[in-house]
Amino acid sequence: MLSGRMKNITPYVPGEQPQDRKYIKLNTNENPYPPTPRIDEFLKQFDVEKLRLYPDPRFDSIRQTLARRYGIRKEQVFLGNGSDEVLAFVFFAFFDSADGVLMFPEYTYSFYPVYCDFFNIEYKKIPLSDQFEIHIDPYFKEKKSCGIIFANPNAPTGICLSIEKIQQLLDACPDNRVVVIDEAYIDFGGESVVGLIDEYKNLLITRTYSKSLSLAGLRLGFAMGDDDLISALFAAKDSFNSYPVSTLAQKIGEIAIEDVNYSTAILEKIIQNRAYLSRSLTDAGWVVLPSKANFIFTRKPGVSGLDIYLKLKNNGILVRHFNISGIEDFVRITIGKRSEVDALLEAVNTLF
Ligand SMILES: *Cc1c(COP(=O)(O)O)cnc(C)c1O
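Residues numbered from 1 in each chain as written. Predicted model: local features only at pLDDT ≥ 70, side-chain atom pairs only at ≥ 80, totals over all residues. Heavy atoms only, no water.

Caption draft 1: Quick peek at the sheet that holds strand β8 (residues 221–225). Here we have seven strands laid out as an open sheet, ordered β2-β8-β7-β6-β5-β3-β4, and mixed in their pairing. Strand pairing shows two members of the sheet lacking a second neighbour, β2 (77–80) and β4 (123–126), which therefore form its edges. Taken over all neighbouring pairs, the strand axes of this sheet differ in orientation by 20 degrees on average, direction set aside. Looking at chain direction, β2 and β8 are connected through four bridges and run antiparallel. Within β8, the residue paired with Phe 78 across the bridge is Ala 223. The sheet strands contacting helix α3 (residues 83–94) are β2, β3 (101–105), β5 (145–151), β6 (178–182), β7 (203–208) and β8, and the helix crosses β7 at an angle near 160 degrees. Against the sheet, helix α4 (residues 112–119) engages β3, β4, β5 and β6, with an angle of about 165 degrees to β3. (Pairing = 2+ DSSP bridges. Helix = DSSP H or I, 4+ residues; strand = E, 2+ residues; numbered from the N terminus. Axes fitted to C-alpha atoms, helices over the stretch in contact; angles between N-to-C directions. Contact = heavy atoms within 4.5 Å.)

Here it is as structure tokens:
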């Protein structure tokens, strides 16, 4: 009954979305603040008749808005139903084992190996430094490689690689090898490499508004890169689903992108809460990696990560634990509102 392809896939396991009881939910990096109130106003006057028609398959209006926002051209922008879908098109369009292995860090977004299995792409995991930083030297050494991908800031470490290092990587990379920087968390204080896309035709950036604009439920992700890369992504999309981004997602996305004052304000609050949580945990003897994302990766010497996860869950607080050798003693904690951070700190101080 199943295709042969199905035998080779191991699905990604998303963080829990429990429906049974109310948790303080710090496990899936959602934004604790609501999206811009301009969306309420828009929905109140939205003409439902418009849903009769298919959405714009070229996403022209929102691409124009994104191009203005990031100082690039519309032809350098692609969109998808969340950046997970954009990434799927990226893996399909650019990575081919016939050219060599795809390289990514040993600890990074755990969806990458899942796409590799889905599209039958061989990959090689490159170790992080003992400080959990991305080390660029090993990427130069691989002779037969079809590309590089990593999240920056990286997940689940939260550590951001500098523009200079990424530029060194690009300089050493052959022009026909695509380098994908997944900037899902860049709005929380990292430095974007969007300014490099005119110079490096093989640089592709993916982004999501799930986290920074509080729109995880809307499903809106995008990519920025050279026109030829973007055209290839459109060709991949149009071979799979011409309309992955709904009329409402395109419109609401534009409204949220344009309300820069609002997004700046909530991002600032998250950055402040992150500093407060990191400082408080460090003072209590926890090891906290330096994060530029909306989460921290942390451990308490002498306590297992599983134990931290289970005890917090029992106390109504959900965090993310990865049962992966080398990081099994860490937990990833999403930055919540100040009240949620305080509740977490109180639980942590009584339990551990
Ligand atoms: C959350 C996340 C994504 C997926 O974002 P969506 O737009 O919600 O699909 C992609 N990459 C990384 C590194 C993420 O953390």
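Caption draft 2: Geometry of the packing of aromatic side chains. On inspection of all chains with the given rule, the structure shows 26 aromatic pairs. Judged by centre distance (5.1 Å) and plane angle (40 degrees), the rings of Tyr 209 and Phe 222 are tilted. One end of the pair, Tyr 209, is in the loop between β7 and β8; the other, Phe 222, is in strand β8, and 13 residues separate them in sequence. Pair check on accessibility: Tyr 209 and Phe 222 agree, each one buried. Between Trp 286 and Phe 352, the ring centres sit 5.9 Å apart and the planes meet at 80 degrees, which makes this aromatic pair edge-to-face. Taken together, the positions of Trp 286 in the loop between α9 (260–283) and β9 (287–288) and Phe 352 in the segment after α11 (338–351) put the pair 66 residues apart, joining distant regions of the chain. With relative accessibility at 21%, the residue Phe 352 sits in the partly exposed group. Joined through ring pairs, the aromatic side chains of Tyr 12, Phe 91, Phe 95, Phe 104, Tyr 109, Phe 111, Tyr 112, Tyr 115 and Tyr 123 make up one cluster. Lying across the ring of Phe 234, Arg 58 places its NZ or CZ 4.0 Å from the centre. (Phe/Tyr/Trp six-rings, centres within 6.5 Å; stacked < 30°, edge-to-face > 60°. Buried < 20%, exposed > 50% of the residue type's maximum accessible area, 1.4 Å probe, protein only. Lys NZ or Arg CZ within 6 Å of the ring centre and 35° of its normal.)

Caption draft 3: Spotlight on α3. The terminal C-alpha atoms of α3, which comprises twelve residues, lie 16 Å apart, in line with the 16 Å expected from a rise of 1.5 Å per residue. Of all twelve residues that make up α3, nine are buried, and the element is covered over most of its length. Within the sequence span of α3, burial applies to Ser 83, Glu 85, Val 86, Leu 87, Ala 88, Phe 89, Val 90, Phe 91 and Phe 94. (Expected span 1.5 Å × (residues − 1).)

Caption draft 4: Geometry of empty space enclosed by the protein. In total, this model carries one cavity of 30 Å³ or more according to the counting rule given. As for the largest cavity, its lining consists of Thr 36, Leu 213, Ala 256, Asp 259, Tyr 262, Ser 263 and Ile 266. Among the elements that take part in the lining of the largest cavity, α9 stands out by supplying three residues, more than any other. Broken down by class, the residue content of the lining of the largest cavity amounts to four nonpolar, two polar and one charged. (1 Å grid on protein atoms, 1.4 Å probe; cavity = no way out; pocket = protein on both sides within 12 Å on 5 of 7 lines; lining within 4 Å. Points joined across faces, edges and corners; volume = space filled by probe spheres on them. Nonpolar A, V, L, I, M, F, W, Y, C, P; charged D, E, K, R; others polar.)

Caption draft 5: Seen up close, the layout of surface pockets. If you add up the space inside the largest pocket, you get close to 810 Å³. Lining the largest pocket are 39 residues, and of these Tyr 12, Asp 84, Tyr 109, Lys 211 and Arg 320 lie nearest its centre. Contributing elements (two or more residues each) for the lining of the largest pocket: α3, β3 and α4. Looking at the lining of the largest pocket, the element that brings in the most residues is α3, giving three residues. Of the residues assigned to the lining of the largest pocket, the class counts are 19 nonpolar, eleven polar and nine charged. If you trace the second largest pocket, you find 16 residues lining it, with Ala 88, Tyr 115, Phe 118, Phe 119 and Phe 240 closest to the centre. Elements with a contribution of two residues or more to the lining of the second largest pocket: α3 and α4.

Caption draft 6: Structural detail: the sheet that holds β9. Taken together, the three strands give an open sheet; going across it, the order is β9-β10-β12, and neighbouring strands pair in antiparallel fashion. At either margin of the open sheet sits one strand with a lone partner, and together these are β9 and β12 (331–334). With four bridges connecting them, strand β10 (residues 295–299) and β12 associate as antiparallel partners. By the bridge assignment, Phe 297 is partnered in β12 with Arg 332. Against the sheet, α9 engages β9, β10 and β12, with an angle of about 5 degrees to β10.

Caption draft 7: Examining the pattern of salt bridges more closely. In this structure the tally under the stated criterion is 16 salt bridges. Note that Lys 237 and Asp 238 form a salt bridge whose closest N and O atoms lie 2.8 Å from each other. Using a relative accessible area of 39% as the deciding quantity, one classes Asp 238 as partly exposed. In this structure, the salt-bridge partner of Asp 307 is Lys 311, at a minimum N-O distance of 3.2 Å. Within this pair, Asp 307 and its partner Lys 311 are both found in helix α10 (residues 305–314), separated by four residues, close to a single helical turn. (Salt bridge = Lys/Arg side-chain N within 4 Å of Asp/Glu carboxyl O.)

None of the figures reported here should be taken as evidence of function without further support.
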